[in-house]
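The chain contents come next:
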Amino acid sequence: MSKFFAAESSSDTDVSSSSEDETPAPSRSSRATVQRQFLLSDDEEEVQHVVRSAKEKRWEELQNIIKLMRNARKIKDMSKLMDEFDNLCKLYIKSKTVVLKEGIPRFYIQNLVETEDCITELWQDKEGRKKMSKLNSKSLGALRQKLRKYLRDFEKEVEDYRLHPDEEEEHVPEKHVEENDAPTFLGSPVKVAQLEEPEPLQDKDDDDSDDSDWGFDDDSTSDESDEGGIGARQLTADYFLKKTAGKDDEKSKKKERVQQSKSKKKTDGDDWEEVKGGGKVAKVTALFEKGTEITHPVVMKKLNEIILNRGRRSTVRKDQFDLLKQLRQIAEENNLGIALTVRLTFDIIASLFDYNSKILDCMKSEPWAEVLKYVEEVLDLLQENPDIVVAEHISQESENVSDKEAGYRLCGSPVTLVEKLHSEYIKILQTADAHSTDYVKHLREEIHIVRVINKLKEYVERIGSSQDICSSYLLLIEYVYYKYDRKTAEGAVAEEKTSDEEPKTEESPDSTQLMSTLCQYIYTKDSSDRIRTRAILHHIYHHSLHDRWYEARDLMLMSHLQETINYSDVPTQIAYNRTMVQLGLCAFRQGLMREAHNALVDIQSTGRAKELLAQGLLLQRQGERISPEQEKVEKRRQIPFHMHINLELLECVYLVSAMLLEIPYVAAHEFDARRRMISKQFHHQLRVSERQSLLGPPDNMREHVVAAAKALKMGDYEQCLGFIINEKMNNKVWNLFSKSVEVRTMLETKIKEESLSTYLFTYSQFYDNVSLDWLSSMFKLDKTTCHRIISKLIINEELAASWDEPSSSLVLHRTEPTRLQNMAMQLSEKVTTLVDINERILEAKAGGGGFQNYRQDGNYQNNRGGYQGNRSGYQGNRGGYQGKRGGYGNKSSNYQSGRSGYQNKRNYNVSFAQ
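The text that follows walks through the structure, step by step, so that each part is easy to find. Along every chain, residues carry numbers that run from 1 in the direction the sequence is written. Where totals are concerned, whole chains, interfaces and linings use all residues; where local detail is concerned, this predicted model gives features only for residues with pLDDT of at least 70, and gives and counts side-chain atom pairs only at 80 or more. In computing side-chain values, all of the structure's heavy atoms are included and hydrogens and water are not.

Re the overall build of the protein chain
If you tally the helices and strands in the protein chain, you get 42 helices and 11 strands. Relative accessibility under 20% of the residue-type maximum defines a buried residue, over 50% an exposed one, and the middle range a partly exposed one, all with a 1.4 Å probe and only protein chains included. By residue count, 38% of the 914 residues in the protein chain fall in the buried class. Here a residue-residue contact requires only that any non-hydrogen atoms of the pair lie within 4.5 Å. In the protein chain, once contacts between residues fewer than 6 apart in sequence are set aside, the share between residues at least 24 apart is 64%. Carbon and sulfur atoms make up 49% of the accessible area of the protein chain, which totals about 56600 Å². Secondary structure elements follow DSSP: runs of H or I of four or more residues count as helices, runs of E of two or more count as strands, with numbering from the N terminus. Only the protein chains shown count as cover for residues, and the accessible areas themselves come from Shrake-Rupley with a 1.4 Å probe.

Remarks on the side chain of histidine 597
Summarising the element assignment, histidine 597 is placed in helix α30 (residues 593-604). Under the relative-accessibility criterion, histidine 597 is labelled buried at 4%. Each residue touching histidine 597, except ones within four places of it in the same chain, is listed here: Tyr654, Ser657, Ala658, Leu661, Ile678 and Ser679.

Side note on the packing of aromatic side chains
The geometry of an aromatic ring pair is captured by the separation of the ring centres together with the interplanar angle, meaning the angle of the planes. The rule is short: rings of Phe, Tyr and Trp, with Trp giving its six-membered ring, pair when the centres are within 6.5 Å, and they are stacked under 30 degrees, edge-to-face over 60, tilted in between. Within the structure shown, the criterion is met by 18 aromatic pairs. Note on phenylalanine 588 and phenylalanine 737: the rings are 6.5 Å apart at their centroids and 20 degrees apart in plane angle, and the pair reads as stacked. Of this pair, phenylalanine 588 sits in helix α29 (residues 570-589) while phenylalanine 737 sits in the loop between α37 (727-732) and α38 (740-763), and the two are 149 residues apart along the sequence. The residues phenylalanine 588 and phenylalanine 737 share a single accessibility class, namely buried. Taking the centre distance of 4.9 Å and the plane angle of 50 degrees together, the rings of tyrosine 759 and tyrosine 763 count as tilted. Taken together, the residues tyrosine 759 and tyrosine 763, both in helix α38 and four residues apart, mark about one turn of the helix. A connected cluster of aromatic rings, assembled from ring pairs, spans Phe85, Tyr92, Tyr108, Tyr150 and Phe154. Directly above the ring of tryptophan 123 sits arginine 144, whose terminal nitrogen or CZ lies 4.3 Å from the centroid. Two conditions define a charge located above a ring, namely a distance within 6 Å from the ring centre to NZ of Lys or CZ of Arg, and an angle within 35 degrees of the ring normal.

As for a nonpolar patch on the surface
Two distance rules govern patches: like charges are joined within 9 Å, and nonpolar side chains (Val, Leu, Ile, Met, Phe, Trp, Tyr) within 5 Å, applied only to residues with over 30% relative accessible area and no salt bridge. Any carboxyl oxygen of Asp or Glu that lies within 4 Å of a side-chain nitrogen of Lys or Arg is treated as forming a salt bridge with it. Taken together, the side chains of Leu834, Ile837 and Ile841 define a hydrophobic patch exposed on the protein surface, amounting to about 270 Å² of accessible area. Topologically, isoleucine 841 is positioned in helix α41 (residues 819-846).

Let's talk about the environment of threonine 524
Of note, threonine 524 is situated in helix α25 (residues 511-525). Considered as a pair, threonine 524 and cysteine 470 are 54 residues apart in the sequence and their alpha carbons are 9.9 Å apart. A distance of 3.2 Å separates a polar atom in the side chain of threonine 524 from the backbone oxygen of glutamine 520. Nitrogen and oxygen atoms within 3.5 Å of one another constitute a polar contact, given that in protein one can donate a hydrogen and the other can accept it, and given that sequence-neighbouring residues count only through two side-chain atoms.

What about the nonpolar core?
Definition used in this section: a nonpolar core is a set of buried Ala, Val, Leu, Ile, Met, Phe, Trp, Tyr and Cys residues joined via side-chain atoms within 4.5 Å. Of all hydrophobic cores here, the largest spans 155 residues; its most connected members are Phe588, Met659 and Trp734. Per element, the largest residue contribution to this core is 12 residues, and it comes from helix α33 (residues 647-668). Excluding residues that lie within four positions of it along the chain, phenylalanine 588 makes contacts with Met593, Ala596, Val653, Val656, Trp734, Phe737, Val743, Met746 and Leu747. Within the second largest apolar cluster, 33 residues are counted, among which are Trp59, Leu91, Tyr92 and Leu112.

Regarding α33
Over its 22 residues, α33 runs 32 Å from end to end, which matches the ideal 32 Å to within 8%, given 1.5 Å per residue. Among the 22 residues that make up α33, 18 are buried, leaving the element largely enclosed by the rest of the structure. The opening residue of α33 is asparagine 646, an N-cap whose side-chain oxygen sits 3.0 Å from the backbone nitrogen of glutamate 648. An expected span of 1.5 Å times one less than the residue number is assigned to each helix.

Some points on the environment of isoleucine 66
Tracing the sequence through the fold places isoleucine 66 in helix α4 (residues 54-74). Between the C-alpha atoms of isoleucine 66 and glutamine 110, which are 44 residues apart in sequence, the distance is 9.9 Å. Sequence-distant contacts of isoleucine 66, that is, excluding residues within four places in its chain, are made with Leu88, Phe107, Tyr108 and Asn111.

Looking at the sheet that holds strand β8 (residues 801-804)
Within a sheet, adjacent strands bond to each other through the backbone by hydrogen bonds, running parallel or antiparallel. Strand pairing is assigned whenever DSSP detects at least two bridges linking the two strands. Pairing in this open sheet of three strands is antiparallel, and the strands run β7-β9-β8 from one edge to the other. Either end of the sheet is taken by a strand with one partner, and the two such strands are β7 (769-771) and β8. This sheet shows a mean twist of 25 degrees between the axes of neighbouring strands, independent of strand direction. Axis lines are fitted through C-alpha atoms, for helices just across the contact stretch, and the angle between N-to-C directions can take any value from 0 to 180 degrees.

Looking at unusual backbone geometry
Here aspartate 547, not a glycine, exhibits a phi torsion of approximately 65 degrees, which is positive. Inspection of the secondary structure assignment puts aspartate 547 in the loop between α26 (529-545) and α27 (549-559). Even without glycine at this site, lysine 780 takes up a positive phi of about 55 degrees. Within the secondary structure, lysine 780 sits in the loop between α39 (772-779) and α40 (783-795). The exposed category is assigned to lysine 780, whose relative accessible area is 53%.

Thoughts on the environment of lysine 94
Here lysine 94 is to be found in helix α5 (residues 78-94). Separated by 36 residues in sequence, lysine 94 and arginine 58 place their C-alpha atoms 8.8 Å apart.

Looking at a negative patch on the surface
A surface patch of like charges, here negative, comprises Asp153, Glu155, Glu159 and Asp160. As for its position among the elements, aspartate 160 is in helix α10 (residues 155-163). Taking relative accessible area as the criterion, aspartate 160 reaches 37% and is therefore assigned partly exposed. By the counting rule applied here, Lys and Arg register as positive and Asp and Glu as negative, while His and the ends of each chain are not counted. Throughout, a charge is located at the NZ atom of Lys, the CZ atom of Arg, the CG atom of Asp or the CD atom of Glu.

Next comes the structure, spelled out in structure tokens:
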């Protein structure tokens, strides 16, 4: 059409225009408008085109992208969300001029906040991230980084929005510009239809081409269009009046919407409840319709409907807890009986235990406080109403919560609830920081749990089975066995001193009697091996903690747990390790060093005491790694911090007991080739010390023990005692014992006794006799103790000596060679071996290979250095030296040599004269 009018002459145009009702000729800029009027028929409807501002256009484009982002968030399409976020950032940059003029739109900040919350929620859901596709997971991490950087420019706006999220949002409706939303002209709204005629969409390009063909610039065109546009329309009085009806209509519409929402809230009061606090509305679901009669079958039907939703993905655990709580409240208001209340409380507790979806994580503080309250409430209700029977063997179909005469019967187990409560409490202590105030706060809750266990104990003792009684007794033992009872250990005097310092607990004043009563019942009535085994281990632990060594030892030996513990579960094995360690510490406090070493050697020799006692995970060495699932399982087995055994104390006790055993043994068997090591770990520490090029004063606990061992080897008990008992060692180790003074006194005595034995083993060859008074004054021991120690060495044939009673002296028999003689004999053996080798080589050369042939025949015999050949006829007594024990000496006590013919018949075995 534009080509037709462009080809048309100007004269034709003038003629056609003059033939119209003598109206003024339109300007060239309004030519397209006149042409469209000419082409439009009377039957066709005029299409009104809207003129929008730059703000409205940009806002609409932004909202379109925000709508796509909202859809992507709903379906969790992270790849699509990241692409749209990039488009939104680019469009925002293009709209910078409008934003600087109008300000940042609130809907834009709202979209950023919602996107941030969505990404944060998805990022914290680790299980959900694992289920994502690789593309979505990668896009989530990239979008999280981009959004963090991008929000730095909008920190103030985002903070304001989070503080006031309920303010009216500045937004552009879907129909962006209506008739009343037209731009203002000279302070009054003007309808767009009055300024410009509607034009078809397809003619837009044609108009531009017409203008460009005519060759007019922008300024002249705009001026002429204004004049021609006004002149081409009929100007009436209504055109110049203010249009206020549109605003009034909009205000009235808003009022109607507000009134409708208020009326809806009033009419729908059953489903919605207005919260006055923060202006928010909380949704409350109506469990029953209006007019429904609340009876037992109705409540049980609704209860089954709620329970069936457990475990589904769409089920919100908190909502399920609220529904059960509301259902219980309705049942109590309608007086449906105490049995139904107990039944609903059991289900509420079960929903609280399911509140956390992750098995290895602990419960939060709020549900934990709720479940503790409800468990105690259930036990109180069962104790007050003995006619309610609760058992696991009762099926849900046979439950009776309505007929009291037939007897209330409920399916459940209070023992299981309390056991679950105990395990959740252990998990809370495991995950809490041991050095924080939260851990102390959780420890204070132990008194409430002990109270609940005591109520369970009273309930099962009345109507429970023997197995339930054993389970409840074991729960109580778990909170008693590891605590040191000063009242039992120190008597009534100590009770008065410590009553002000220690808080009162629910346990019996005499924990020894309580442990004995509970454990004896479990020993006789328990039918499962696990409960009886754990009760024995806890009983031994309690005996050892209170220095009852012989009772603990006898119980351990009679139980034969050493033979069957490898077939037990891992928690029971951990309890066994802890019991053996406590048994070794008890033996050490009693001065029984050999028993202490034997009890601790299995734990300390592995170098994994921390892991075996479940007090932490060791760093993996030599590339060994465990899976994350295995690591979670190991963390779940950890012992709470307040039940830990000090590992440095344990290692020090083991090394000191090994030192007191090993040093005298080494001194007595210095030149024995078949000497065995008592403690490999102690020898390792000695070798580490010997490899050091520069030895300074001891710094840590191990260096103190090594330095004390070297002093003990020389028989210097004072120096040894100074390394073992000093201020640093007292603070690190010895003060951790309950009776630290008695332990230090015992150590001092044991070091003196072992120093005396070591001195006699080392220097006895240089004495003919030693005075008992001199030994007593040298080691600061009384004569009776010295006499007892030396007599024991003589009886055990460790020391060749005898007592001279009239003179109170020790007579030493020098049956053993001196150190120089031992070294000379070792040298002679080596020289003899070399001579034998040379003789064999010479014989082989002289016999023309007979020696080699003889070896090939397989008739070669070597009897400890003595070579005999039946073929060659060679016999040599030079290398044929035989000895019963040390490789020297024979029955006739004379040494023969085929070359020298030397014979020596002395009282001692062998001696070389040089």
